[in-house]
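In case you want the letters, here they are:
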Amino acid sequence: MSIPIVLDCDPGHDDAIALLLALASPEVELLGVTTVHGNQTLEKTTENALRVLELVGRSDVPVAPGADRPLLRDLRVAAHVHGESGLDGPELPAATAGPVDEPAIDFIAGRIRAGTVLVAVGPLTNIALYLEAHGTENIERIVLMGGAIAEGNMTPAAEFNIWADPEAAQRVFHCGRPVTMIGLDVTHKALLTHEWAERFRATGRIGTFVAELVDFFKRYHAHTYGWDGAPIHDAVALAHAIRPSLVRTEHRNVEIEVESELCRGRTVVDLWRRTERPPNADVGVDIDGDAFFELLLERVASL
Ligand code: BDR
Ligand code: CA
């Protein structure tokens, strides 16, 4: 039986690959795509989602735009990672379809049904607003890409998605439904290297698109970390939603730092159970990187 999934995203190179994985996976019934500010403005992330769908001939998949700014903070995009378009690098066709004429949270409310998994791979503004307006009914669980136990990429203390809207993240982690956190500790352990990129390229048109996305995305990672390859953060979250064995998790308490500026958006994970705070998340701690890329390769090749 397939899993009803809403993909909430801010494409974004790795968001685009997560979307391809969702489209190519028989385990997924993609109820729709919702977009959020993040890697670029809402206008650009929405257009990027539509263009990726156009590329694979799936403009039938509805795209609903959501929040164009965080709950309380100023908007800050990640052009330094994803470029001015939010998806710099490969050529993409113009979208023939437009977004649906319904805001993301109304769209989700209209489509959600029992057992739905929300896969959230951008700042968590849409999900927090949805929870506030509609509660948690029919949400099986939320799998999110964000945070880190022991590092940061936006600041030394925080990962971008959580940093961008920490108040939204705090609400999501405390929503009472199962939350799985796929953070940098996991995604940085699975790099799409040159060798993997060549294997993607060899599969054809969409595999070449993935390799070209990585060609651009890896520049930031080469410059920042000295790596030959790029993590495909958001696709790990989607992959975990359909094949949980890929990522090992620990059930732990996670709190979000919303007070200090220095540590804004830090996911304070009580990995070693130093407090009595009750666990509220399954936190990713390790990944079978080869199995993840084999899955991704097989699925992308099928598109
Ligand atoms: C996250 O931030 C964005 O740049 C990526 O799309 C991913 O969701 C990684 O920190
Ligand atoms: Ca993202």
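The following paragraphs examine the structure supplied in this document. (Residues numbered from 1 in each chain as written. Chains lettered and ligands numbered in written order. Predicted model: local features only at pLDDT ≥ 70, side-chain atom pairs only at ≥ 80, totals over all residues. Heavy atoms only, no water.)

1. Quick look at the environment of Glu 257
Selection criterion: For the purposes of this entry, the term helix denotes a DSSP run of H or I that reaches at least four residues, the term strand denotes a run of E that reaches at least two, and both are numbered from the N terminus. Should any heavy atoms of two residues lie within 4.5 Å, those residues are considered in contact.
Inspection of the secondary structure puts Glu 257 in the loop between β10 (254–256) and β11 (267–269). Spatially, the C-alpha atom of Glu 257 lies 9.1 Å from that of Trp 163, the residues being 94 residues apart in sequence. Not counting the four nearest positions on each side in its chain, Glu 257 is found in contact with Pro 166, Cys 263, Arg 264, Gly 265 and Arg 266.

2. Focus on the coordination of the calcium ion (ligand 2)
Selection criterion: Only nitrogen, oxygen and sulfur atoms qualify as donors, and only when within 2.8 Å of the metal (3.2 Å in the case of Na, K and Ca); with water excluded, sites may look incomplete. Burial classification: accessible surface area is computed with a 1.4 Å probe over protein chains only, and a residue below 20% of its type maximum counts as buried, one above 50% as exposed, and the rest as partly exposed.
Protein-derived ligands of the calcium ion (ligand 2) are Asp 10 (OD), Asp 15 (OD), Asp 15 (OD), Val 121 (O) and Asp 234 (OD), with the metal-ligand distances lying across 2.3 to 2.7 Å. Exposure remark for Asp 10: the relative accessible area of 0% places this residue in the buried category.

3. A short note on unusual backbone geometry
That bond from Pro 11 to Gly 12 is cis: its omega, -15°, falls within 30 degrees of zero. Although it is not a glycine, Asn 138 adopts a positive phi angle of roughly 75°. A positive phi is found at Arg 273, a non-glycine position, where the angle reads about 50°. Mapped onto the secondary structure, Arg 273 falls in the loop between β11 and β12 (281–287). Arg 273 gets classed as exposed once you look at its relative accessible area, which sits at 57%.

4. Section: the site of ligand 1
To keep things clear, this is the line we draw: We call a residue near a given molecule or strand whenever any one of its heavy atoms falls within 4 Å of it. Any N or O atom pair separated by 3.5 Å or less is treated as a polar contact, with the protein-specific requirement of one donor-capable and one acceptor-capable atom, and with residues adjacent in sequence counted only for side-chain atom pairs. Residue burial considers only the protein chains on display, and all accessible areas are found by Shrake-Rupley using a 1.4 Å probe. Both cavities and pockets are sets of points on a 1 Å grid over the protein atoms alone; in a cavity a 1.4 Å probe fits but cannot get out, in a pocket the set is open with protein on both sides within 12 Å along at least five of seven lines, and lining residues sit with an atom within 4 Å of a point. Any molecule with more than half of its atoms within 2 Å of a cavity's or pocket's grid points is regarded as sitting in that cavity or pocket. Under the scheme applied, nonpolar residues are Ala, Val, Leu, Ile, Met, Phe, Trp, Tyr, Cys and Pro; charged residues are Asp, Glu, Lys and Arg; polar residues are all the others, including Gly.
Contacts to ligand 1 come from Asp 14, Asp 15, Asn 39, His 82, Val 121, Met 145, Asn 153, Glu 159, Phe 160, Asn 161, His 233 and Asp 234. Within the side chain of Asp 15, an N or O atom sits 3.0 Å from an oxygen atom of ligand 1. Asp 234 is positioned such that a nitrogen or oxygen atom in its side chain is 2.6 Å from an oxygen atom of ligand 1. Relative to its unbound accessible surface of 280 Å², ligand 1 loses 97% to contact with the protein. A molecule is said to occupy a pocket when more than half its atoms come within 2 Å of that pocket's grid points, and by this definition ligand 1 occupies the largest cavity. Looking at the shell around ligand 1 residue by residue, the class counts come to three nonpolar, five polar and four charged.

5. Let's talk about helix α12 (residues 289–301)
To keep things clear, this is the line we draw: By this rule the span expected of a helix is its residue count minus one, scaled by 1.5 Å.
The end-to-end C-alpha distance of α12, which contains 13 residues, comes to 18 Å, matching closely the 18 Å that a straight helix rising 1.5 Å per residue would cover. For α12, the full list of buried residues reads Gly 289, Phe 292, Phe 293, Leu 295, Leu 296, Leu 297, Arg 299 and Val 300. Buried residues belonging to α12 abut α1 (13–24), β7 (191–192), α9 (194–201), α10 (205–225), α11 (233–242) and β12.

6. So, empty space enclosed by the protein
So the rule is basically this: Grid points are joined across faces, edges and corners, and a volume is the space filled by probe spheres set on the points.
One pass over the structure, following the stated rule, counts two cavities of 30 Å³ or more. The space that makes up the largest cavity amounts to roughly 210 Å³. For the largest cavity, the lining is made up of 20 residues, of which Asn 39, His 82, Asn 153, Phe 160 and His 233 are closest to its centre. Going through the elements one at a time, α1, α3 (79–82), α6 (160–164), α10 and α11 are the ones with two or more residues in the lining of the largest cavity. Considering only residue class, the lining of the largest cavity consists of eight nonpolar, seven polar and five charged. Put simply, the second largest cavity is a space of about 30 Å³. Together, Leu 50, Leu 53, Glu 54, Arg 58, Ser 59, Val 61, Ala 95 and Ala 97 line the second largest cavity. Residue composition of the lining of the second largest cavity, grouped by class: five nonpolar, one polar and two charged.

7. Section: the pairing of strand β6 (residues 179–182)
Worth spelling out the cut-off: Two strands are counted as paired when DSSP detects at least two bridges linking them.
Burial along β6 is two-sided: the residues Val 179 and Met 181 and Thr 180 and Ile 182 are all buried. Sheet analysis places strand β5 (residues 139–145) next to β6, joined by four bridges and oriented parallel. Of the residues in β6, the one forming a bridge with Met 145 is Ile 182. Summarising the sheet, β6 and β12 pair through two bridges and their orientation is parallel. Across the sheet, the residue bridging to Thr 180 is Asp 282, located in β12.

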